[in-house]
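Fold and geometry: a report
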Amino acid sequence: MKIGIINDTHFGVRNDSSFFLENFLSFFENVFFPYIKQNDIKTVFHLGDLMDRRKYVNIHTLNQVKKRFIEPLVEMNVDFHMVIGNHDMYFRNTNSVNSAKELFSDYDNFNLHEEPYTFESNGLCIGLVPWICSENEDKILDYIENCACPILAGHFELSGYQVLSGLNFKGGMSDSSLKRFEMVLSGHFHIRSQKNNVHYLGTQYDMTFADSGTLKGFSVLDTETRELDFIENSDSIFHTLNTENIEDCVDYSKFNNKYIKLIVDKNTPKSKVDSIVKNIDKNSPHELSVIEDFTLNEDINEKVDLSKDTITIINEEIDSLEGEVDKFKLKTIMRDIYLEALNS
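Note that the coordinates shown come from a computational prediction; the quantities given were computed from them, not determined experimentally. The residue count restarts for each chain, going from 1 along the sequence in the order it is written. Reporting of local features is limited, given that this is a predicted model, to residues whose pLDDT is at least 70; pairs of side-chain atoms are given and counted only at 80 or more, and all residues count toward the totals for whole chains, interfaces and linings. Hydrogens and water molecules were not included; the side-chain quantities draw on all heavy atoms of the structure.

**What about the overall build of the chain?**
Scanning the chain from N- to C-terminus turns up 8 helices and 17 strands. The C-alpha atoms of the chain give a radius of gyration of 22 Å, which matches the 20 Å a tight globule of 344 residues would have. Here the C-alpha coordinates of the chain stretch approximately 65 × 50 × 40 Å along the principal axes. Relative accessibility thresholds used throughout: buried, under 20% of the residue-type maximum; exposed, over 50%; partly exposed, between the two (1.4 Å probe, protein chains only). Taken across its 344 residues, the chain has 51% of its residues classed as buried. Note on contacts: a residue pair is in contact if any heavy atoms of the two residues lie within 4.5 Å. In the chain, the proportion of contacts linking residues at least 24 apart, taken out of those at least 6 apart, comes to 68%. Secondary structure is summarised from DSSP: a helix means a run of H or I of at least four residues, a strand means a run of E of at least two, and numbering begins at the N terminus for each. C-alpha atoms define the radius of gyration in this analysis, and the globule rule sets the expected value at 2.2 Å times the number of residues to the power 0.38.

Printed below as a string of C-alpha cells:
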C-alpha cells in the first residue's frame, strides 16, 4: 500500500490572499489529486497546519477548501489522517480547541488525531504524533519512548534543523529520543531537509520569496518496501531574474501570474532592460518588481546581493554583526516581523 503525505498546507496564508489560495488549490487539483488517482492511493496523511490562521477563518477560504480540497478526498474515498499542528490550535498550551475539529470533523473520512495514534496497515505500524504543547507533553514523550512502530510521523520542532534556508532552529526538542526509529517524518519547517533518520518534508508549494529555488512537492510512502518517494512540484510562484543572465530564447510565458523580481545589472544596456520588462509585462505577471543594482559609493566594498530573498539578506547581515549578540534570537525576531508584515 502507498500513502500520500502532505503537510503545512496553510490555507488562508498571506491575509487570506485569493491569489495564494487559488495557487494552493490548483496544485491539489492539477498535481496531487491526479497522482493519487492514477496510483490508486487511498490513504493520505496530513502532518499539521491545515489552515493558516489560529484565531478565525475567512468564509470564502473555508468554502473553497471544503469544495476543492476536502470534498474531492471524500469523492475519491480517501482515508484522510491528520495530526494537529501549531497553526491548527487556538490556544498555545492545549490542542483541545482547534480549527480542524471545528471545521471538518463532520466528514466521515476525516480522521483527526489530537493525541498520539498508531496507524496500522499490512503489518506495518506508523506512530502519528500531534504538536507537542504543555498539556500533552508528558503523554507524547511517553508514547515516543514506548512506541513499537518503526516509523514516526508528526509536527515536530527539533533543534538543529533548518527552519529557513541557511538558518538552523535552536531551542526546540532534541532529536535524541527519535534516533531509535527507522524513519521520522515531520511537517512544521517549510524547508525540505534530512538529517540521519529525520525527514522534514517541506511545503508543497512556494509561500514567500524565501522559497524560490527550493524543492517543493509531496511524499509517498510505500508500506511494503518502506521507501519514501518525493514527487516534485515544479511550478514555482516566485522567480528572481538578473538582466545579465536572461537568454534571448527564454520562455516568458512561464512568468504568467507569478511574482517576479528583476535585478537590473548596472552593465545591462537600457534597451535590453526595456525589452525584458516589456516581454515580462506582455505575459501578465502577478507582480513585477524591478530593482536596480547599483552602488551609491564606489569606495564601498560590500554590496548587497539583491538576487537573494529578504530573509537571507537579513540573516547574512546579522551574521556579520560583531560583539556579544544572540544572533539566533535576533534572526527569529526579524523572521517573525517579516512574516507578520506579509500577512498584514
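So much for the structure itself; the text now carries on.
**A word on helix 3 (residues 59-75)**
Given 3.6 residues per turn, any residue in an α-helix points the same way as the ones three and four places further on. Over its 17 residues, helix 3 extends 22 Å from the first C-alpha to the last, a length consistent with the 24 Å expected when each residue adds 1.5 Å. Two axes enter the bend calculation: one fitted to the seven residues ending at the residue in question, the other to the seven starting there, and the bend is the angle between them. For helix 3, the principal kink sits at Lys-66 and spans about 35°. The elements touched by buried residues of helix 3 are strand 1 (2-6), helix 1 (13-16), helix 2 (18-38), strand 3 (79-83), helix 4 (99-104) and strand 4 (110-113). The N-terminus of helix 3 is capped by Asn-58, whose side-chain oxygen sits 2.9 Å from the backbone nitrogen of His-60. Of the residues one or two after helix 3, Asn-77 is the one with positive phi, at around 60°. Expected helix span is computed as 1.5 Å times (number of residues minus one). Pairing of N or O atoms within 3.5 Å defines a polar contact, subject to two protein rules: one partner must be a possible hydrogen donor and the other a possible acceptor, and residues neighboring in sequence count only if both atoms are side-chain atoms.

**Looking at the state of the cysteines**
The disulfide criterion is simple: two cysteine sulfur atoms within 2.5 Å. As enumerated under the stated definition, the model contains 1 disulfide in all. Shown here is the disulfide that connects Cys-125 with Cys-149, its sulfur atoms set 2.4 Å apart. Between Cys-125 and Cys-149, the disulfide has an S-S torsion of -130° and is therefore left-handed. Of the two residues, Cys-125 is situated in strand 6 (residues 124-129) and Cys-149 in the loop between helix 5 (137-146) and strand 7 (151-154); the sequence distance between them amounts to 24 residues. The two residues Cys-125 and Cys-149 agree in class, both being buried. Here Cys-147 stays unpaired: no disulfide links it, and the sulfur of Cys-149, its closest cysteine neighbor, is 3.7 Å away. Among the residues examined, Cys-147 registers a relative accessible area of 7% and is labelled buried.

**A short note on the sheet that holds strand 4**
Pairing between the strands of a sheet is mediated by backbone hydrogen bonds and can be parallel or antiparallel. As summarised here, the arrangement of the 6 strands in space is 4-3-2-1-13-14, forming an open sheet in which the pairing is mixed. Single-partner strands in this sheet number two, and they are strand 4 and strand 14 (228-232). For this sheet, the mean inter-axis angle between neighbouring strands, taken without regard to orientation, is 25°. The pairing of strand 1 with strand 13 (residues 217-222) spans 4 bridges and is classified as antiparallel. Between any two strands, at least two bridges found by DSSP are needed for them to pair. Lines fitted to the C-alpha atoms define the axes, with helices restricted to the stretch that makes contact. Angles between their N-to-C directions range from 0 to 180 degrees.

**Describing the pairing of strand 14**
Sheet topology places strand 13 next to strand 14; 5 bridges connect them, and they run antiparallel. Of the residues in strand 14, the one forming a bridge with Phe-218 is Ile-231. Remark: 5 residues form the turn of the hairpin made by strand 13 and strand 14, two consecutive strands paired antiparallel; Arg-226 in that turn has positive phi of roughly 60°.

**Looking at the nonpolar core**
As used here, the term nonpolar core means buried Ala, Val, Leu, Ile, Met, Phe, Trp, Tyr and Cys residues forming a set that is joined through side-chain atoms within 4.5 Å. One finds Phe-11, Phe-28, Phe-32, Ile-36, Phe-69, Phe-104 and Phe-110 to be the most contacted residues of the largest nonpolar core, which totals 45 residues. If you list the elements that add at least two residues to this core, you get helix 2, helix 3, strand 3, helix 4, strand 4 and strand 13. Ranked by residue count, the leading element in this core is helix 2, at 10 residues. Once you skip the residues sitting within four places of it in the chain, Phe-110 turns out to touch Leu-50, Ile-70, Phe-80, Met-82, Ala-100, Phe-104 and Ser-105. Judged by nonpolar contacts, the second largest core, of 24 residues, contains Val-129, Cys-149, Phe-181 and Tyr-200.

**Quick notes on the pairing of strand 16 (residues 259-265)**
For strand 16, the tally of buried residues reaches 7 of 7 residues, placing the bulk of the element in the interior. Side chains Tyr-259, Lys-261, Ile-263 and Asp-265 project from strand 16 onto one buried face, and the interleaved Ile-260, Leu-262 and Val-264 project onto a second face that is buried too.

**Considerations on the side chain of Asn-197**
Checked against the element boundaries, Asn-197 lands in the loop between strand 11 (193-195) and strand 12 (198-200). For Asn-197, the side chain forms a polar contact with the main-chain oxygen of Phe-181, separated by 2.9 Å. For Asn-197, the residues in contact, after removing those within four places along its chain, are Leu-178, Lys-179, Phe-181, Glu-182, Met-183 and Val-184.

**Some words on the environment of Thr-240**
Note on placement: Thr-240 falls in strand 15 (residues 238-242). For the pair formed by Thr-240 and Leu-262, sequence separation is 22 residues and the distance between their alpha carbons is 6.1 Å.

**What to know about a negative patch on the surface**
The patch calculation keeps residues exceeding 30% relative accessible area without a salt bridge and links them within 9 Å when they carry like charges or within 5 Å when they are nonpolar (Val, Leu, Ile, Met, Phe, Trp, Tyr). The protein chains shown are the only cover counted for residues, whose accessible areas, like all others here, come from Shrake-Rupley with a 1.4 Å probe. We define a salt bridge as a side-chain nitrogen of Lys or Arg found within 4 Å of a carboxyl oxygen belonging to Asp or Glu. Residues scored as positive are Lys and Arg, those scored as negative are Asp and Glu, and His as well as the terminal groups of each chain are ignored. Taken as the charge location is NZ of Lys, CZ of Arg, CG of Asp or CD of Glu. Among the surface-exposed residues, Glu-137, Asp-138, Asp-142 and Glu-145 lie close enough to one another that they form a single negatively charged patch. Mapping Asp-138 onto the fold places it in helix 5.

**Comments concerning the confidence of the model for the chain**
Every residue is assigned a pLDDT by the predictor, reflecting its confidence on a scale from 0 to 100. Chain-level pLDDT for the chain is 91 on average; 92% of the residues reach the 70-or-more range. Confidence over residues 295-300 falls short of pLDDT 50; this stretch has 3 contacts with residues more than four positions distant or in other chains.

**Considering the sheet that holds strand 10 (residues 183-186)**
Pairing is mixed in the open sheet, where 6 strands are placed in the order 5-6-7-10-12-11. Sheet topology places strand 5 (117-121) and strand 11 at the edges, where each strand pairs with a single neighbour. Pairs of neighbouring strands in the sheet enclose a mean axial angle of 20°, with direction left out of account. In this sheet, strand 10 lies alongside strand 7 in parallel orientation, the contact comprising 4 bridges. Directly across from Ala-153, in strand 10, lies its bridge partner Leu-185. Running over the sheet, helix 5 touches strand 5, strand 6 and strand 7 and is turned about 160° from strand 6.

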